[in-house]
Amino acid sequence: MVEEFGSKPRCIVFTRFPAPCDNLLRMAKILSQNRSALCLSLIRDTGDQENIGSEDVRTARQYMEYIDLPGYATQFKYQKISSLHSIASALASCCGLGVFQSNTVIIEYPSQAALRGLPDSLLYHYHMHRVCVQHCNLVVVKGIFPLKISPVESNETIDIWWIIDNGDVLLMVAKMLKKHKIWHKAKIRLFVVVDIEDDIERIEKALFLWLIDNHYLISKIEFIRADSWIISDYLQLRSLQIKRRYYKADDKSLFSYLKRLIGIPDGKPAQNAVDCGFHGLTTSSIRSNSLMKMDEQKQRARQLNKEILGRSSNAALVLMNMPEPPVHLERFWKYLNFLNDISNELKKVLFVRGVDVQSNVDLETSTMKN
């Protein structure tokens, strides 16, 4: 989930006192394959209670021992919610050095308080999302993931919903899950959602070649062409992200041909397959929707949710990428509700976002030129 495809995640689990952390620690164990994890309990200290959170930390340490997850649990206190961003940013960027640098943060799914827009809960998720897209990969866990259950059967599926971006992180998470005994027999299905204006034939060819080169076994691949308006939440910064992302020119040399012939991967990211089909235009309708109305965003989320439920309602697990979180706080509440609406009626979902595509560009002022 970092620069080299195949490296193991090194996880930080952020919890917000007094929320339980056991479900997130179980996910850290599954994804990190027993590589050490760090559990950080963020506690707002209002000064009216001594030793607040100490029992929570002891419980986390005991649970890590119980599930045999190497690592450490501790707590960090803050008094003002405004200081949470700098604290979380420092923790995410400074935990470990070199090969021990953490690259993946796991946080819980937004609570009902956050979805209703209550200040403390909303601000916690706002700061965590903004910090994580700047420093590391982000995994948001929806649903309960027990470790001591029967493995899923061979007729059950892990469904990947790759909507425009973050393809490499989605594929990597699926690969890590498949290495765990619970998910080992599950089949992987891949649903790639692209803009209706994209060159679908070019995308299909490039992605199939990438999957063959990298020895990925996918039981089903479906390409879904969506109207630009429906997926506009994922298109806001697309041209800028493609420009910022490293794109290696196609090597047509004899040496490159021989490498492919004998099955040596060319090292390009999977995301290049979708990027290469980009039509290169940003329509005025998408630009005008940068100041999104709540009812329009909800309509888009419900339309996407309808497509997802129609194919993945019986999936054992759904992996889905998140759009870029908004810079401005007043729009972040809508963003959380968009995630809630798009995953409605899905019991187990992992939302992911990779650090390689993060951008701090303000959607309201960006001209989004090619």
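Further up the page is the structure itself.
Along each chain, numbering runs from 1 in the same order as the chain's sequence is written. It should be noted that, the model being predicted, local features are given only for residues of pLDDT at least 70 and side-chain atom pairs only at 80 or more, the latter also being counted only at that level, while totals for whole chains, interfaces and linings use all residues. Excluding hydrogens and water, the side-chain values take into account all heavy atoms of the structure.

(A) Spotlight on the pattern of salt bridges. By definition here, a salt bridge exists when the distance from a side-chain nitrogen of Lys or Arg to a carboxyl oxygen of Asp or Glu is within 4 Å. Evaluation of the coordinates by the stated rule reveals nine salt bridges. Two residues, Lys220 and Glu222, come together in a salt bridge whose shortest N-O distance is 3.9 Å. By relative accessible area, which is 36% here, Lys220 ends up partly exposed. One salt-bridge network, held together by shared partners, links Lys220, Glu222, Glu307 and Arg311. When accessible area is computed with a 1.4 Å probe and restricted to protein chains, residues below 20% of their type maximum are described as buried, those above 50% as exposed, and intermediate ones as partly exposed.

(B) Region of the structure containing the side chain of Thr15. Only DSSP runs of H or I covering at least 4 residues are called helices, and only runs of E covering at least 2 are called strands; the numbering of each starts at the N terminus. Here Thr15 shows up in strand β1 (residues 11-16). Of the residues examined, Thr15 reaches a relative accessible area of 2% and is grouped as buried. Throughout, a contact is declared for two residues whenever any of their heavy atoms are within 4.5 Å. For Thr15, the residues in contact, after removing those within four places along its chain, are Cys21, Leu24, Cys39, Leu40, Ser41, Leu42, Glu108 and Tyr124.

(C) Just helix α6 (residues 167-178), in detail. The end-to-end C-alpha distance of α6 is 17 Å, a good match for the 16 Å that twelve residues give at a rise of 1.5 Å each. In terms of residue burial, α6 counts as a mostly covered element, since ten of its twelve residues are buried. Among the residues making up α6, those that are buried are Gly167, Asp168, Val169, Leu170, Leu171, Met172, Val173, Ala174, Met176 and Leu177. Expected span of a helix, by definition, is 1.5 Å for each gap between consecutive residues, and there is one gap fewer than residues.

(D) Structural view of the sheet that holds strand β5 (residues 137-142). Strands qualify as paired when DSSP identifies two bridges or more between them. Ordered in space as β3-β2-β1-β4-β5-β10-β9-β6-β7-β8, the ten strands form an open sheet in which the pairing is mixed. Edge positions in the sheet fall to β3 (71-78) and β8 (220-226), since each of these pairs with one other strand and no more. For this sheet, the mean inter-axis angle between neighbouring strands, taken without regard to orientation, is 20 degrees. With three bridges joining them, β1 and strand β4 (residues 104-108) adopt parallel strand pairing. Bridging from a neighbouring strand, Ile12 pairs with Val105 of β4. Angles here are taken between N-to-C directions and fall from 0 to 180 degrees, while the axes themselves are lines fitted to C-alpha atoms, restricted in helices to the stretch in contact. Those strands touched by α6 are β5, β6 (157-163), β7 (187-195), β9 (317-321) and β10 (349-353), and its axis lies near 170 degrees from that of β6.

(E) Geometry of the packing of aromatic side chains. Two rings belonging to Phe, Tyr or Trp (six-membered ring only in the last case) form a pair when the distance between their centres is within 6.5 Å. Interplanar angles under 30 degrees mark stacking, angles over 60 mark edge-to-face geometry, and anything in between is tilted. Per the counting criterion, the structure on display carries eight aromatic pairs. When the centroid spacing of 6.1 Å and the interplanar angle of 70 degrees are considered together, the rings of Phe208 and Phe223 count as edge-to-face. Pair noted here: Phe208 is in helix α7 (residues 200-213) and Phe223 is in strand β8, with a separation of 15 residues, a long-range link. For Phe208, a relative accessible area of 38% puts it in the partly exposed group. An aromatic cluster is present here, built from Tyr126, Phe332 and Tyr335 joined pairwise through their rings.

(F) Structural detail: the pairing of β9. When you tally the buried positions in β9, you get five out of five residues, the bulk of the element. The two faces of β9 match: Leu317, Leu319 and Asn321 on one face and Val318 and Met320 on the other face are all buried. In the sheet, β6 pairs with β9 via four bridges, with the strands oriented parallel. Within β9, the residue paired with Ile160 across the bridge is Leu319. One ladder, built from four bridges, connects β9 with β10; its direction is parallel. In the sheet register, Asn321 faces β10, and the bridge partner there is Val352. Note that the unit made of β9, helix α14 (residues 329-342) and β10 has a crossover that is right-handed. Place the viewer so that the strands point away; then a crossover is right-handed whenever the path from the first strand over the helix to the second strand goes clockwise.

(G) Quick peek at the environment of Ser232. The residue Ser232 is located in helix α8 (residues 232-235) in this model. The exposure class of Ser232 is buried, given its relative accessible area of 0%. Between the C-alpha atom of Ser232 and that of Asp195, which follows or precedes it by 37 residues, the distance is 9.2 Å. Within the local environment of Ser232, its side chain forms a polar contact with the backbone oxygen of Trp229, the two atoms lying 2.9 Å apart. Counting of polar contacts relies on pairs of N or O atoms within 3.5 Å, with two restrictions inside protein: one atom must be capable of donating a hydrogen and the other of accepting it, and residues adjacent in sequence are counted only when both atoms are side-chain atoms.

Bear in mind that shape data such as this cannot, by itself, settle questions of function.
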